[in-house]
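Here is how the chains run, residue by residue.
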Amino acid sequence: MSPLGTAAAAPLPLRELLVELGDLKRVRSAGRAGSIAERLFAQGWGALTGGASPETVALQVTASALAATRLCDIDGAFLAAAGLDDAQGSAILVAGFDAVTEQVDPALRDRLRACLRPSQEALPAGPLPDFVTAQAQQPRAGVTCPGKPRILLEPPENHAEHCLIVAVYGVVLSPFYRADPTVVFLAAMAHHFHNALMPDAGFTGEMLLGDHLWPIVERCSERALNELEPSLRETVRSARSVLPDDATAEGRAFHAADSIDRVLQIAQHLRAASLTMDTVLGDMELVHAGPVKDFQDRVLRDMRIP
């Protein structure tokens, strides 16, 4: 639903999904460098430089991210390597997708689900621009405010992870704002181009740069844009035109996604810090039902754990 004519500026029913999606910045697997979010960021840019249409990339990367919220790195490549055929692998990916997308706009959900079907062609893998690796190596600043010491939260996310999650959030949120999901996706994937070169000193550093801030950002962003071939460069440049404000539907979808991710990133640290054993052993059933659960419960009790 569009927020026009209502008091709501964002779709609350999507909140829990966005929380889960954000955890893709923290999921890693043996033999795969970086988090799932970092790898999807690289896959998206590789597909774009490889000639895939931005719409196809936006939908396929978002569908993969949604399936991964519950399946993690049990993806198509792993399922094929484990001996499942295309239909069997697709059924598992769709099940993971369906487990978390009940609140996604139905028309968008159908388009995204179709990306996980066996008939869907794999994304091409073109050359990766240098800014992809640079953003993956560039940590985000943490919590900063002019005149105050920064608050560092470890481990920090990197700019590739942040941009990917904002892009996926933007696609999922786009129906609410009646925005073009492809434009929102591209704008989000490219919104920190400057940080491929510019270390992130946060709000504090930006204020200290004063009048030099925006010229530096512009020059650094242009360096990244110039790594793209002319047609893709202009497509990305056009998408980035929605970044300065919320005057367009795409701008509103982007800024909603960006602000949600920035705050949920901090909320994740607070959630982990406040976790209790009641939640772990009770709600989450860390020691779960099975043939030895009674014995395991007695062991924990006699060891006074917790």
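Read on for a plain summary of the structure. (Residues numbered from 1 in each chain as written. Predicted model: local features only at pLDDT ≥ 70, side-chain atom pairs only at ≥ 80, totals over all residues. Heavy atoms only, no water.)

### A word on helix α5 (residues 86–98)
No. 1: Between the first and last C-alpha of α5 there are 18 Å, a value that for 13 residues agrees with the 18 Å anticipated at 1.5 Å per step.
No. 2: Taken residue by residue, α5 has G89, S90, L93, V94, G96 and F97 as its buried positions. Angular distribution of buried residues about the axis of α5 spans 155°; they occupy a single face of the element.
No. 3: Where α5 is buried, its residues touch α3 (54–71), α4 (76–81) and α6 (106–114).
No. 4: Between the side-chain oxygen of the N-cap and the backbone nitrogen of A87 there are 3.1 Å, and the N-cap of α5 in question is D85. (Helix = DSSP H or I, 4+ residues; strand = E, 2+ residues; numbered from the N terminus. Expected span 1.5 Å × (residues − 1). Buried < 20%, exposed > 50% of the residue type's maximum accessible area, 1.4 Å probe, protein only. Arc of directions from axis to C-beta. Contact = heavy atoms within 4.5 Å. Polar contact = N/O pair within 3.5 Å; in protein donor to acceptor, adjacent residues only side chain to side chain.)

### Details of the packing of helix α2 (residues 36–49) against helix α8 (residues 159–177)
No. 1: Relative to each other, α2 and α8 sit at 75°, their axes nearing to 8 Å. When the axis of α2 is compared with that of α8, the two are roughly perpendicular. Every residue of α8 that contacts α2 at A37, E38, L40 and F41 is listed here: A160, E161, C163, L164 and I165.
No. 2: When the residues that make up the contact of α2 with α8 are grouped by side-chain class, the tally is seven nonpolar, no polar and two charged. (Axes fitted to C-alpha atoms, helices over the stretch in contact; angles between N-to-C directions. Parallel < 35°, antiparallel > 145°, perpendicular 65-115°, else oblique. Nonpolar A, V, L, I, M, F, W, Y, C, P; charged D, E, K, R; others polar.)

### Thoughts on unusual backbone geometry
No. 1: For the bond from E154 to P155, the omega torsion is -5°, close enough to zero to count as cis.
No. 2: Along the polypeptide, P155 turns up in the loop between β2 (148–151) and α8.
No. 3: Positive phi, close to 55°, is recorded for R178, a residue that is not glycine.
No. 4: Note that R178 resides in the loop between α8 and α9 (181–189).
No. 5: Taking relative accessible area as the criterion, R178 reaches 63% and is therefore assigned exposed.
No. 6: Positive phi is not limited to glycine here, since E285 has a value of about 50°.

### A few points about the packing of aromatic side chains
No. 1: One pass over the structure, following the stated rule, counts four aromatic pairs.
No. 2: On the basis of an interplanar angle of 85° and a centroid distance of 5.0 Å, the ring pair of W45 and F131 is categorised as edge-to-face. Here W45 is found in helix α2, whereas its partner F131 is found in helix α7 (residues 130–137), with 86 residues between them in sequence.
No. 3: On the basis of relative accessible area, W45 is assigned to the buried category, the value being 0%.
No. 4: The interplanar angle of 50° and the centroid separation of 4.6 Å between the aromatic rings of F131 and F193 together place this pair among those described as tilted. Placement of F131 in helix α7 and of F193 in the loop between α9 and α10 (202–209) is noted, with a sequence separation of 62 residues between them. For the pair formed by F131 and F193, the shared burial category is buried. (Phe/Tyr/Trp six-rings, centres within 6.5 Å; stacked < 30°, edge-to-face > 60°.)

Function cannot be read off these values alone, since they describe shape.
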